[in-house]
Amino acid sequence: MAKPAILVVDDEADIRELLTLTIRRMGFDSVAANGVVSAKNELAKRPFDFCLTDMKMPDGTGLDLLNHIQRNFPRTPVAVITAFGNVELAIESMKAGAFDFVSKPVDIERLRELIANALQLNNEDEAQLAYPDQVQLHGNTKPMVHLRQQITKLARSQAPVYITGESGTGKELVARLIHANGPRSNAPFVPVNCGAIPNELMESEFFGHRKGSFSGAISDKPGLFQVANGGTLFLDEVADLPLPMQVKLLRAIQEKAVRAVGSQQEEKVDVRILSATHKDLANEVEEGLFRSDLFYRINVIELSVPSLRDRADDIPLLADFCVARLAVEYETEKPVIAEDAIAALRSYAFPGNVRELENILERAFTLCEENTIRASDLRLPSLEKANGSAGEANQHQAYQLDCGQPLEEYLEDIERRAIISALDAERWNRTAAADRLGMSFRSIRYRIKKLGIE
């Protein structure tokens, strides 16, 4: 089997020699070029598995070479070498499509990681997106086709990606797909909701702590960066990070190193950062709620996930996918979705996006008669009523009975006892128990599974 071939492009002879020698010691074939023209000549002679190029050369720039390779050799990842501290140039190159970057003087361990990740891409078929069994990203409309194309492209990069979109559109699923279809797919994907961590525990959660570093630290604990080492850290609702933590996060991203609470030593970490929020992060920066330097660090590439309103033509396909999955999950026949139900769904605004569509269809799935979901089964509110219902739902969720049990749990306990009583009376004949309770067979099967009675 032929060794992977790597093209090194730099006009400084000593740097070329150091890089080619290092790459050959790693067991790879290395070819050196002293500029853009020389590199193009080498590319014309043979295929390369990876290219490492300097940015500034007498006959052109690394961006010129990057564009040439993207046009003519799209499966060859390119990493650029930038001057130390030149973050703007590194970001510019990654926006242009560079796989990654490394700063001068080149850290050999960092170079090894970069090459290993780049070569991993050639073992994967970029045309095949590894989709999990989720409904959010199914669809054939232009916004969805474009989104999947962008996911495929971004999976082949190491650039930080900032994912925007309304709640319920599937931002975490997008992040998972970027990870699953990239060179880090065999390493951990670690999601974290930044708004769910108490401020006093944030540094410990992100960077870890040492035993005895504070009250309650009974043992060493790795942080999220350490757990995600070699893989991807997904910062969901990143806009909720307090300003002091933003400073520490920025340093960790820039230095690729973290220091656990109570430790005197920094620990190197290799983590790709993906982030998301439903807020307007640029507006948060303008209002002084989010640091501009961190924003530009995590927003190298912005990826927008469309709302369901922007792809209404996908609704029939999504609805069919949802009810088919529910039928398999609850071991019942797949219901038909009537035309009036499809028309009602297409005309609804869906403030909760695909997540709301799933919830509406799951409810209709249990209520429908004659194995047909009709518009009346959907119980669609108007947009105003939807907003009001959301507020009421939050109030119900917060409401506690005198005994300290949430109302939702209390009602589920009553429902569970009623169903078990009917099943016992009918010797666990579900059809008879459904008749006794005045509900459909489909509905009782759904409730049995939902309430964990089986």
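Scroll up to find the structure.
Keep in mind it's a predicted model, so treat the numbers as computed, not measured. (Residues numbered from 1 in each chain as written. Predicted model: local features only at pLDDT ≥ 70, side-chain atom pairs only at ≥ 80, totals over all residues. Heavy atoms only, no water.)

Peer 1: Explain the overall build of the protein chain here, please?
Peer 2: Counting its regular elements, the protein chain contains 20 helices and 16 strands. Considering only C-alpha atoms, the protein chain reaches an extent of 85 × 55 × 45 Å along its principal axes. In the protein chain, which comprises 454 residues, the share counted as buried stands at 48%. At a minimum sequence separation of 6, the contacts of the protein chain that also span at least 24 residues come to 69%. One way to put it: in the protein chain the 53 positive side-chain charges average out to a point 3 Å from where the 67 negative ones average out. (Helix = DSSP H or I, 4+ residues; strand = E, 2+ residues; numbered from the N terminus. Buried < 20%, exposed > 50% of the residue type's maximum accessible area, 1.4 Å probe, protein only. Contact = heavy atoms within 4.5 Å. Lys, Arg positive; Asp, Glu negative; His and termini not counted. Charge placed at Lys NZ, Arg CZ, Asp CG, Glu CD.)

Peer 1: What should I look at first to understand the layout of surface pockets in this one?
Peer 2: A probe matching the size of a water molecule, rolled over the atoms, marks out where space remains unfilled. Quantified by volume, the second largest pocket comes out at close to 950 Å³. Surrounding the second largest pocket, 35 residues form its lining, Arg110, Ile253, Gln254, Glu255 and Lys256 being those nearest its centre. Looking at the lining of the second largest pocket, the elements that each hand over two or more residues are helix H4 (87-95), strand S7 (100-103), helix H5 (108-120), helix H10 (243-255) and strand S13 (272-277). Its residues assigned to classes, the lining of the second largest pocket shows 17 nonpolar, 6 polar and 12 charged. (1 Å grid on protein atoms, 1.4 Å probe; cavity = no way out; pocket = protein on both sides within 12 Å on 5 of 7 lines; lining within 4 Å. Points joined across faces, edges and corners; volume = space filled by probe spheres on them. Nonpolar A, V, L, I, M, F, W, Y, C, P; charged D, E, K, R; others polar.)

Peer 1: Can you help me understand helix H7 (residues 171-180) in this one?
Peer 2: Each turn of an α-helix holds 3.6 residues, which means side chains three or four residues apart point in the same direction. The element H7 is extensively covered by neighbouring structure, given that 7 of its 10 residues are classed as buried. Along H7, the positions that sit buried rather than exposed are Lys171, Leu173, Val174, Ala175, Leu177, Ile178 and His179. Turning to H7, the residues buried within the fold contact helix H6 (142-155), strand S8 (161-164), strand S9 (189-193), strand S10 (232-236), S13 and strand S14 (301-304).

Peer 1: What is the right way to look at a nonpolar patch on the surface in this model?
Peer 2: Residues Tyr410, Leu411 and Ile414 make up a contiguous nonpolar surface patch of about 260 Å² in total accessible area. If you trace the backbone, leucine 411 turns up in helix H18 (residues 407-425). Judged by relative accessible area, which is 44%, leucine 411 ranks as partly exposed. (Patch = residues over 30% accessible without salt bridge, like charges linked within 9 Å, V, L, I, M, F, W, Y side chains within 5 Å. Areas by Shrake-Rupley, 256 points an atom, 1.4 Å probe, with all protein chains shown as cover. Salt bridge = Lys/Arg side-chain N within 4 Å of Asp/Glu carboxyl O.)

Peer 1: Would you take a moment to explain the packing of aromatic side chains for this structure?
Peer 2: This structure, assessed with the given rule, holds 8 aromatic pairs. Ring geometry for phenylalanine 206 versus phenylalanine 207: centroids 6.3 Å apart, planes at 50°, classification tilted. For the residue pair phenylalanine 206 and phenylalanine 207, the accessibility class agrees, reading buried in each case. Taken together, Tyr162, Phe295 and Tyr296 form an aromatic cluster joined through their ring pairs. Here the basic side chain of arginine 46 rests over the ring of phenylalanine 48, its NZ or CZ set 5.2 Å away from the ring centre. (Phe/Tyr/Trp six-rings, centres within 6.5 Å; stacked < 30°, edge-to-face > 60°. Lys NZ or Arg CZ within 6 Å of the ring centre and 35° of its normal.)

Peer 1: Would you explain helix H15 (residues 353-367) in this entry?
Peer 2: Taking 1.5 Å as the rise per residue, H15 with 15 residues should run 21 Å; its terminal C-alpha atoms sit 22 Å apart, in good agreement. Those residues of H15 that sit buried are Asn353, Val354, Glu356, Leu357, Glu358, Ile360, Leu361, Ala364, Phe365 and Thr366. Contact partners of the buried residues in H15: helix H13 (315-329), helix H14 (339-347), strand S16 (372-373), helix H16 (375-378) and helix H20 (441-450). (Expected span 1.5 Å × (residues − 1).)

Peer 1: Whenever I open this one, the pattern of salt bridges confuses me. Can you help?
Peer 2: A side chain with one charge may pair with a side chain of the opposite charge, provided their charged atoms come close. Tallying each qualifying case throughout the model produces 21 salt bridges. Note that arginine 112 is salt-bridged to glutamate 109, the shortest N-O span being 3.6 Å. Within this pair, arginine 112 and its partner glutamate 109 are both found in helix H5, separated by 3 residues, close to a single helical turn. A relative accessible area of 35% places arginine 112 in the partly exposed class.

Peer 1: Is there a simple way to think about unusual backbone geometry in this case?
Peer 2: Glycine aside, residues mostly have negative phi angles, and peptide bonds mostly take the trans form. Put simply, lysine 104 and proline 105 share a cis peptide bond, and its omega is -10°. Within the secondary structure layout, proline 105 lies in the loop between S7 and H5. Of note in the backbone geometry, glutamate 331 takes a positive phi value of approximately 55° without being a glycine. Tracing the backbone through its elements, the reader meets glutamate 331 in the loop between H13 and strand S15 (336-337). Look at glutamate 331 and you get exposed, because its relative accessible area is 59%.

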